[in-house]
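Report on the structure
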Number of protein chains: 2
Amino acid sequence: MQKINLMEKFNLFDQYWTPKIVGELNDQWVKLAKLKGEFVWHHHQAEDEMFLVVKGQLRMQLRDREINLQAGEFLIVPRGVEHKPVADQEVHVLLFEPKTTVNTGDLRDEHTLEESEWI
Amino acid sequence: MQKINLMEKFNLFDQYWTPKIVGELNDQWVKLAKLKGEFVWHHHQAEDEMFLVVKGQLRMQLRDREINLQAGEFLIVPRGVEHKPVADQEVHVLLFEPKTTVNTGDLRDEHTLEESEWI
């Protein structure tokens, strides 16, 4: 058991849209991701997904509106809801999601990561 | 679906050691708590518990050592591990835990909350 310092962990990687695992509890992962640019529209069939913005500003596009998240704000996207994260500038987020979650949800394309890396 | 601003939610309550629910996903709660003083030794039989410090400094006492958490750091206390949170000054934490978690774990005493409140 050891504590995790978010900033130290964010300093360990540079790639965008590649969430890294930093914690495990109750069959859930805690992940950190750096986002920049536009992701793809997707949804998760059986998993709710939480985005907590640690740095920057995240625009979460939904089919009927957009939710603008600042540092210190989080959003839980319920299963089944289509969403598309957009980061005009670099954004750092903490994600909380079941181990079964695939980053692109129902969609399989070049953005899909089959497995996340522990850092 | 709406975003949650941590600071706004922390401003809604004053009581110490009474975690408030601010989110729900995958049968887990996201809770916020204000801590000050010493809690009681306890463990959770079947739940891992995550403490993310948002403000202040938390001393997590374990039977064999103490882990000092600053803002921007988190600790996952695995099920079965006895722990005692101590806050010399006011601390704000975000908690992730299964819905089945009772704040005092195996222990039932005057600190025990049978139900947490949504804010």
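The following paragraphs examine the structure supplied in this document. Since the structure is predicted, the reported quantities are computational estimates derived from the model, not experimental observations.

A closer look at the nonpolar core
If you look at soluble globular proteins, the nonpolar side chains tend to sit buried side by side. Membership of the largest hydrophobic core comes to 28 residues, with the highest contact counts inside it found for V30, M50 and F74 of chain A together with V30, F74 and F96 of chain B. Dropping the residues within four chain positions of it, V30 of chain A is found in contact with K20, I21, V22, G23, L25, L94, L95 and F96 of chain A together with M50, F74 and I76 of chain B.

A look at the relation of the copies chain B and chain A
Mapping chain B onto chain A leaves a residual RMSD of 0.0 Å; the transformation is a rotation of 180 degrees accompanied by 0.0 Å of translation along its axis. Taken together, the rotation and translation describe the operation of a two-fold axis. Take the interface residues of chain B: 100% of them recur as interface residues in chain A, which is what a same-surface contact looks like.

As for empty space enclosed by the protein
Residue and element names in this part refer to chain B. Per the counting criterion, the structure on display carries one cavity of 30 Å³ or more. The computed volume of the largest cavity comes to approximately 160 Å³. Lining the largest cavity are 16 residues, and of these P19, F39, F51, L95 and N103 lie nearest its centre. Elements that contribute at least two residues to the lining of the largest cavity include exactly β3 (28–38), β4 (49–55) and β8 (83–98). A per-element tally of the lining of the largest cavity places β8 first, with five residues.

Thoughts on the interface of chain B and chain A
With 36 residues of chain B in contact, the opposing surface of chain A contributes 36 residues. Across the interface of chain B and chain A, roughly 2,800 Å² is buried in total on both sides, 65% from carbon and sulfur atoms. At the boundary of chain B with chain A, the tally comes to two salt bridges. One salt bridge connects E73 of chain B with K3 of chain A, and the closest N-O pair in it is separated by 3.0 Å. Where chain B meets chain A, there are 16 residue pairs in polar contact (both at pLDDT 80 or more). Looking at the side of chain B that touches chain A, the elements that each hand over two or more residues are β1 (4–5), β2 (20–25), β3, β4, β6 (66–70), β7 (73–77) and β8 of chain B. Sorting elements by how many residues they give to the side of chain B that touches chain A places β7 of chain B first, with five residues. Residue classes in the side of chain B that touches chain A are distributed as 21 nonpolar, seven polar and eight charged. The pairing of strand β7 (residues 73–77) of chain A with β1 of chain B spans two bridges and is classified as antiparallel. Looking at the pairing, E73 of chain A lines up with N5 of chain B of β1 of chain B.

Reading the values: rules and limits
- Residues numbered from 1 in each chain as written.
- Chains lettered and ligands numbered in written order.
- Predicted model: local features only at pLDDT ≥ 70, side-chain atom pairs only at ≥ 80, totals over all residues.
- Heavy atoms only, no water.
- Core = buried A, V, L, I, M, F, W, Y, C linked by side-chain atoms within 4.5 Å.
- Buried < 20%, exposed > 50% of the residue type's maximum accessible area, 1.4 Å probe, protein only.
- Contact = heavy atoms within 4.5 Å.
- Least-squares fit on C-alpha atoms with pLDDT ≥ 70 in both.
- 1 Å grid on protein atoms, 1.4 Å probe; cavity = no way out; pocket = protein on both sides within 12 Å on 5 of 7 lines; lining within 4 Å.
- Points joined across faces, edges and corners; volume = space filled by probe spheres on them.
- Helix = DSSP H or I, 4+ residues; strand = E, 2+ residues; numbered from the N terminus.
- Buried area = accessible area lost by both parts, 1.4 Å probe.
- Salt bridge = Lys/Arg side-chain N within 4 Å of Asp/Glu carboxyl O.
- Polar contact = N/O pair within 3.5 Å; in protein donor to acceptor, adjacent residues only side chain to side chain.
- Nonpolar A, V, L, I, M, F, W, Y, C, P; charged D, E, K, R; others polar.
- Pairing = 2+ DSSP bridges.

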